[in-house]
Amino acid sequence: MEVNSTATILSSAFLAVEYVDAVLPDNPLQPSLQYAWGYVNENYTKFQIATWGSLIVHEAIYFLFCLPGFLFQFLPFMQKYKIQQDKPETWEKQWRCFKMLLFNHFCIQLPMICGTYHFTEFFSIPYDWDSMPRWPYLLAQCLGCAVIEDTWHYFLHRLLHHRSIYKHIHKVHHEFTAPFGMQAEYAHPAETVILGSGFFIGIMVFCNHVTLLWAWVAFRLLETIDVHRYTHTHTHTVNTANTPFSLFVEKCISTLLTTTRGLQLSLTVVLWSDHQGSAALPACCSLV
Ligand SMILES: [Zn+2]
């Protein structure tokens, strides 16, 4: 019965996607994209595409998404929208953030990115244009990756806030009390590895083409940079991670935990310990 209803939902979703796709106009950029994709595949090796291509995609998207927030500080008419008026974004902070980002991107993330080529080879993940999934499936895969990554992030972020380890690793990420988008990946190198590894779990589950890697990078960066721009709109909450998916995860977890009295007690202990550890849990820790 359950299987049947799941199959019905999936086939309805499939039909809905096919319908939406059919009524949308053709993508005018498709021929250019196909040509560019073919050019890259013919002129570069899979290792170069998986490693240097992924690095370029990550850097370009990261700094492109940070750019609007960075430019807003120079636009007088945007100043009224700044959340913490008493804490201006200084050059010194932004430069320090930028240097740490470059170190993390090239010395920590790049070696991790190097593993993607071996991953795609091991699982025979295709690179060609013809087997590239259409956009609705890429989007669905990204959503699946987001749920998995956010669940990982939720528990590990909570753990990083534990009073005995907070000051050694996660404190770095909460250094800026008036954060800005560029600070999204400003973190201790160990945190980059610990939380960053959650990024790859969804890839291991859903990846059937190398484009998912890049689509998921774009999806995740857009979310995390956006979230860090508005950190202080979410202050003083008990959540230690309130990205949209974390809120969903938290809701599911709290529903599960409150089903028995024993588990209710454990939830109370967790929440209480968060309050007790408030010295290690600054206001902005409500986010990544
Ligand atoms: Zn935190």
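All of these numbers come straight from a predicted model, not from anything done at the bench.

Parameters at a glance
- Residues numbered from 1 in each chain as written.
- Predicted model: local features only at pLDDT ≥ 70, side-chain atom pairs only at ≥ 80, totals over all residues.
- Helix = DSSP H or I, 4+ residues; strand = E, 2+ residues; numbered from the N terminus.
- Buried ≥ 20, exposed ≤ 12 C-beta atoms within 10 Å, placed from the backbone.
- Contact = placed C-beta atoms within 7 Å.
- UniProt positions renumbered as here; feature names shortened; annotations may be inferred.
- Core = buried A, V, L, I, M, F, W, Y, C linked by C-beta atoms within 7 Å.
- Axes fitted to C-alpha atoms, helices over the stretch in contact; angles between N-to-C directions.
- Parallel < 35°, antiparallel > 145°, perpendicular 65-115°, else oblique.
- Nonpolar A, V, L, I, M, F, W, Y, C, P; charged D, E, K, R; others polar.
- pLDDT = per-residue confidence, 0-100.
- Left-handed = near helix turned anticlockwise from the far one by under 90°.
- Expected span 1.5 Å × (residues − 1).
- Arc of directions from axis to C-beta.

Undergrad: Give me the lowdown on the overall build of the chain, citing residues and values where you can.
TA: From N to C terminus, the chain includes ten helices and zero strands. Secondary structure elements of the chain, listed N to C terminal, follow the sequence α-α-α-α-α-α-α-α-α-α. Considering the chain as a whole, with its 288 residues, one finds that 26% of them fall into the buried category. Considering only residue pairs separated by 6 or more positions, the chain has 83% of its internal contacts joining residues 24 or more positions apart.

Undergrad: Could you give an account of the UniProt feature "transmembrane region" (unreviewed entry) in the chain, with specific residues and numbers?
TA: This chain's UniProt record puts "transmembrane region" (unreviewed entry) on residues 60-79, 100-119 and 199-219. This span, residues 60-79, is 65% helix and 0% strand, and a straight line between its end C-alpha atoms measures 26 Å. Between the C-alpha atoms that bound residues 199-219 there is a distance of 11 Å. The span itself is 81% helix and 0% strand.

Undergrad: Which residues make up the environment of Cys-142, and what values go with them?
TA: By the secondary structure assignment, Cys-142 is in helix α5 (residues 135-160). Taking the C-alpha atoms as reference points, Cys-142 and Leu-212, 70 residues apart in sequence, are found 7.5 Å from one another. With sequence-adjacent residues up to four places away left out, Cys-142 is seen in contact with Ala-215, Trp-216 and Phe-219.

Undergrad: Account for the nonpolar core, with residues named and values stated.
TA: Membership of the largest hydrophobic core comes to 15 residues, with the highest contact counts inside it found for Cys-145, Ile-203, Cys-207, Val-210, Leu-212, Leu-213 and Trp-216. Looking at this core, the elements with two or more residues in it are α3 (46-72), α5, α7 (198-206) and α8 (211-229). The residues touching Leu-213, leaving out its near neighbours within four places in the chain, are Ser-54, Thr-116, Ile-203 and Cys-207. In this structure, Cys-66, Cys-97, Tyr-186 and Ala-187 belong to the second largest nonpolar core, which totals twelve residues.

Undergrad: A description of the packing of α5 against helix α6 (residues 189-196) should follow, citing residues and the corresponding values.
TA: In the contact formed by α5 and α6, the axes pass within 10 Å of each other and the chain directions differ by 150°. Put simply, α5 runs roughly antiparallel to α6. Contact residues: His-153, Leu-156, His-157 and Leu-160 in α5; Glu-191, Ile-194 and Leu-195 in α6. When grouped by side-chain class, the residues that make up the contact of α5 with α6 number four nonpolar, two polar and one charged.

Undergrad: Requested: an account of the environment of Gly-53, with residues and values cited.
TA: The residue Gly-53 is located in helix α3 in this model. Under the C-beta neighbour-count criterion, Gly-53 is labelled buried, with 20 such atoms within 10 Å.

Undergrad: Please provide a residue-by-residue account of unusual backbone geometry, values included.
TA: Backbone geometry at Ser-124 places phi at a positive 50°, although glycine is not the residue there. In this fold, Ser-124 is placed in the loop between α4 (91-122) and α5.

Undergrad: Tell me what's going on with the confidence of the model for the chain, and back it up with residues and numbers.
TA: Scored by pLDDT, the chain comes out at a mean of 77, with 74% of its residues at no less than 70. Confidence drops under pLDDT 50 across residues 232-242; counting only partners more than four residues distant or on other chains, this segment forms 31 contacts. Throughout residues 257-288 the model reports pLDDT below 50, and contacts reaching past four residues in sequence, or to other chains, amount to 48 contacts.

Undergrad: Outline the packing of α5 against α7, supporting the account with residue identities and numerical values.
TA: Relative to each other, α5 and α7 sit at 145°, their axes nearing to 8 Å. At the point where α5 passes α7, the crossing takes the right-handed sense. In this structure, α5 contributes Gln-141, Gly-144, Cys-145, Ile-148, Glu-149, Trp-152, His-153 and Leu-156 to the contact, and α7 contributes Gly-198, Phe-199, Ile-201, Gly-202, Ile-203, Val-205 and Phe-206. Taken together, the residues of the contact of α5 with α7 sort by class into nine nonpolar, five polar and one charged.

Undergrad: An account of α5 is requested, with residue identities and associated values reported.
TA: A rise of 1.5 Å per residue sets the reference length of α5, with its 26 residues, at 38 Å; its end C-alpha atoms lie 35 Å apart and thus fit the reference within 8%. Those residues of α5 that sit buried are Leu-138, Gln-141, Cys-145, Ala-146, Ile-148, Glu-149, Asp-150, His-153, Tyr-154, His-157 and Leu-160.

Undergrad: Outline α6, supporting the account with residue identities and numerical values.
TA: Within α6, burial applies to Glu-191, Thr-192 and Leu-195. Projection of α6 onto a plane perpendicular to its axis shows the buried side chains occupying an angular sector of 105°, all on one side. Buried residues in α6 make contact with α4, α5 and α7.

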